[in-house]
Every structure is written in structure tokens, then in C-alpha cells.
Amino acid sequence: MSKTITLLGSTGSIGTQSLDVARMHGYTVFGLAAHSRVELLLKQIQEFHPRYVAVVDETACDRLEGELAGMPDAPRLLKGAQGLRTLAAMDGPDVVLNAVVGIAGLPASLAAIESGHDLALANKESLVTGGHLVTDAVRRKGVRLLPVDSEHSAIFQCLQDQHSAKRLTKILLTASGGPFFGMKRDQLAGKKKEDALKHPNWNMGAKITIDSATLMNKGLELIEAVWLFGLPEDKIQIVVQRESIIHSAVQFADNSVIAQMGVPDMRIPIQYALTWPDRLPSPVPELDFAALKSLSFDVADEETFRCLAACKKAIRKGGLAPCAANGANEEAVALFLQDKIGFLDIGRLVEGVVDSEAFGGDYTLQDVYDCDAMARAYVRAHL
């Protein structure tokens, strides 16, 4: 099945795994975008020969420009955040896959949608920070929004029977529990980034791995699920599934539950977003039930992991409250990775900003930027 893709965030964990899928199926890569990892981006350019590349970081952009100067058939270079948005909007691909990390992915998502592109979304912050902007644009332009996160892809796959989907009553959103599952606050007080970066099941980038350790990632995914599937927060149950074999499940009006299972490998949901509604052979090994001796389940501890509680509170408050929670978390995680705050400070700061003011009502893209800046300033002021 021939396909042409633009990949935003090509040098990150999701991006490199997306290129594994593209390589296996011989997809044409129209455009690649990265923040600053020039060496890896150059290797991707040499293999996939995109027509366009975008680099956000100014210094990295200058470096890449020098490298491309002597390259035959070099792609055209688009610079900065505007270059990222320009690439997302360009005619040429069948689908744009947005794997940018953080709120920086929102403008690119909107640019792709407004240009009439189907969007494979791995950037959950697009829906967390600008949920109604994204979903309104999808409805207005009549494009498809295809989830890439493993949990949301699992839910999407379980809802492919459109008759049953009308009787959806509950989402069971699974979580690995991260490296600190079962610990209490006194045990978490001295945890450092080296501890938090040791995820038991998934190989991910630093920011999302810290989010998994705090359960912030699960809170963001809950908010994303509200926007994607139209159920309120109280109809989405977080289930800790330590082996990360069940990627999520849905419950219907008759209390029947359907789950999606597979080895913990992001190339399955990435590929499904690119091949939907078809299924093709993937680069992922099959699930060996003979070796799978047990599956364990538990509940998420919101009293210890306050980021999850803060995200639930944020989506209930509505408006820009989820954006504030995300902005505070991005700032706090950056400080934690620099050893400037403690592990428990992340949850304290995220919860604090959600409680700090009212956030209800509709909003514009500029309001999103202003709220994000306010949340980051809150964190710096409450260290």
C-alpha cells in the first residue's frame, strides 16, 4: 500500500520508530522535522530523501544548512517554529504524523488540519492544551484524527465496530505504573532523575519517561481520551497493568469488555494510524501466550502521585485548566532534569497551578500561549 508521509519530530523515540514502519512498507517521506539533533536527521535525510526538512533550533538549523550545501538533491530547509508549521501545512503527504514533544506540537497540528491533512497524533499536548481548537478544526475541515499513543490506539481499535461504539459506557485506560509503582510519598522524596528514567517496559524520551514516573503522562492521556472519545472524566478508569500487554479496553452497555493486547512496542499503534483501516504485517514480534504466565492489575494511587489527581481536576474545571497543568509540568520536569527541584515538587507545582485560579470558557490559540506562560511563571515563582 503506497503512502506518502510527513513526519514531525523525526529524531525522537516515536519519530525513529515511525521511520522503522516507513522503511518496512516502502513509504515515501515527503518531509522531516526535528528540533536540534542534526547528526541523526542527516542520516534520515540520506536514507529517506525527503523534499523538505524543518529544524526548530536556530543553531542546529545553521549547522544543517552547512551540511546540506554540498549534498546533491538536498531537501529544502525550513527554519524555526514557523518552518515547522509551514511543513505541516504543505501539500504532498497523505498523512502528517505529529510526534513533536510538548505544547510546541499544537500549532503544527492545527496547521496540518487547517490544510486538509489527516493527522496521526502522537503529540498528546495538542489535545491537552488546545482540545476544542483541534476538535473544532477536525470537524470543520472533515479530516481524520488518528491516535498514535498506544492506549488511545487501543481504544480506537476496540471501537471499530460502529454499532457497538454507540453503546460505549466506560474506558479502561491502562498504565504501567512506572518505576515507582507501590511506593509512598516518603519513599519518593529522595528520588533523582536517574531513578525516574528507569522505565520497566517502554523505551521513551526523557520527558515522557519522567511523566510516566509521576503518572502525569496518564493524566494527560485521560484528558486526551476525553477529547478523542467523548466520555467524561468519571467514565474513564485508570487501571495499572504492570506488564503493558493490555494497552487499554472499552466497556459497553451490556458490561462486555473488549481489550487490545500486544507486546509493548510503539510500532504497532504507529503503523495502525498510518494503515487504518487496513492492517499489514509489522516489524513487531507476535505476543507469545505460551511465555505469558500472568497479567496483573491494580489501581492508580492518586494520593501519592498528585499529578494524576491534578489532571482529573483540570479536565473537570475545563477551559484552559488542562493547558495550565501541562505548562506547569513541562517547566517542572525541565527543572527536575536539571536537578533544581525534587521529584515530589513536580506534583506539588502542577496541582498548585490548577488550584490557583478559574480557567473555564472558550479560548483562542493566543489564550493557550498566555496560559502556558502563566503556568511556567507560576512554577518559577513557587520553587
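Scoring rules and cut-offs
Residues numbered from 1 in each chain as written. Predicted model: local features only at pLDDT ≥ 70, side-chain atom pairs only at ≥ 80, totals over all residues. Heavy atoms only, no water. Helix = DSSP H or I, 4+ residues; strand = E, 2+ residues; numbered from the N terminus. Rg over C-alpha atoms; globule rule 2.2 N^0.38 Å. Buried < 20%, exposed > 50% of the residue type's maximum accessible area, 1.4 Å probe, protein only. Contact = heavy atoms within 4.5 Å. Areas by Shrake-Rupley, 256 points an atom, 1.4 Å probe, with all protein chains shown as cover. Lys, Arg positive; Asp, Glu negative; His and termini not counted. Charge placed at Lys NZ, Arg CZ, Asp CG, Glu CD. Phe/Tyr/Trp six-rings, centres within 6.5 Å; stacked < 30°, edge-to-face > 60°. Polar contact = N/O pair within 3.5 Å; in protein donor to acceptor, adjacent residues only side chain to side chain. Core = buried A, V, L, I, M, F, W, Y, C linked by side-chain atoms within 4.5 Å. Pairing = 2+ DSSP bridges. Axes fitted to C-alpha atoms, helices over the stretch in contact; angles between N-to-C directions. Patch = residues over 30% accessible without salt bridge, like charges linked within 9 Å, V, L, I, M, F, W, Y side chains within 5 Å. Salt bridge = Lys/Arg side-chain N within 4 Å of Asp/Glu carboxyl O.

On to the overall build of the protein. A tally of regular secondary structure across the protein gives 17 helices and 12 strands. Relative to a compact globule of 383 residues, whose C-alpha radius of gyration would be 21 Å, the protein shows 20 Å and is just as compact. With respect to the three principal axes, the spread of C-alpha positions in the protein is 60 × 50 × 40 Å. Expressed as a percentage of the 383 residues in the protein, the buried residues total 57%. The contacts in the protein between residues at least 6 apart in sequence include a share of 69% that link residues at least 24 apart. Taken as a whole, the protein presents about 16,000 Å² of accessible surface, with 50% of it coming from carbon and sulfur. Averaging the positions of the 39 positive and the 47 negative side-chain charges in the protein gives two centres separated by 1 Å.

Our next topic: the packing of aromatic side chains. Across all of its chains, the model carries 5 aromatic pairs by this definition. Taken together, Phe 156, Tyr 272 and Trp 276 form an aromatic cluster joined through their ring pairs.

Where burial is concerned, most of helix H13 (residues 267-275) is hidden: 8 out of the 9 residues are buried. Within H13 the residues assigned to the buried category are Arg 267, Pro 269, Ile 270, Gln 271, Tyr 272, Ala 273, Leu 274 and Thr 275. Residues of H13 that are buried sit in contact with strand S1 (4-8), helix H1 (13-25), strand S5 (95-98), strand S6 (118-121), strand S7 (145-147) and helix H7 (150-158).

A word on unusual backbone geometry. Here the amide bond leading from Trp 276 into Pro 277 is cis, since omega sits at 5 degrees, within 30 degrees of zero. Within the secondary structure, Pro 277 sits in the loop between H13 and strand S12 (298-299). A positive phi is found at Leu 215, a non-glycine position, where the angle reads about 70 degrees. Take Leu 215: it is sitting in the loop between helix H11 (206-214) and helix H12 (216-229). The exposure class of Leu 215 is buried, given its relative accessible area of 8%. The residue Asp 339 is not glycine, and still its phi comes out positive at about 65 degrees. One can find Asp 339 in the loop between helix H15 (321-337) and helix H16 (343-355).

As a further point, take the side chain of Ser 126. The topology assignment puts Ser 126 in helix H6 (residues 125-141). A polar atom in the side chain of Ser 126 sits 2.5 Å from the side chain of Asn 123. Look past the residues within four positions of Ser 126 in its chain and what remains in contact with it is Asn 98, Gly 105, Leu 106, Ser 109, Leu 121, Gly 131 and Val 134.

This next bit is on the nonpolar core. With 125 residues, the main nonpolar core has Leu 8, Leu 64, Leu 97 and Ile 346 as its most contacted residues. The element that contributes the greatest number of residues to this core is H15, accounting for 9 residues. With sequence-adjacent residues up to four places away left out, Ile 346 is seen in contact with Ile 210, Thr 214, Cys 307, Asn 329, Ala 332, Val 333, Phe 336 and Ile 341.

On the secondary structure map, Ser 153 appears in helix H7. Setting aside residues no more than four positions away along its own chain, Ser 153 makes contact with Pro 147, Val 148, Pro 269 and Tyr 272.

Here we take up the sheet that holds S5. Spatially, the 7 strands line up as an open sheet ordered S4-S3-S2-S1-S5-S6-S7, and their pairing is parallel. Of all strands in the sheet, those with a lone pairing partner are strand S4 (76-79) and S7, marking the two edges. If you compare each strand with its neighbour and ignore which way they point, the axes differ by 20 degrees on average. As paired strands, S6 and S7 are joined by 3 bridges and run parallel to one another. Bridge pairing links Leu 121 to Pro 147 in S7.

To continue, consider a nonpolar patch on the surface. Together, Met 261, Phe 289, Leu 295 and Phe 297 make up a nonpolar patch on the protein surface, roughly 390 Å² of accessible area in all. Considering the arrangement of structural elements, one finds Phe 289 in the loop between H13 and S12.

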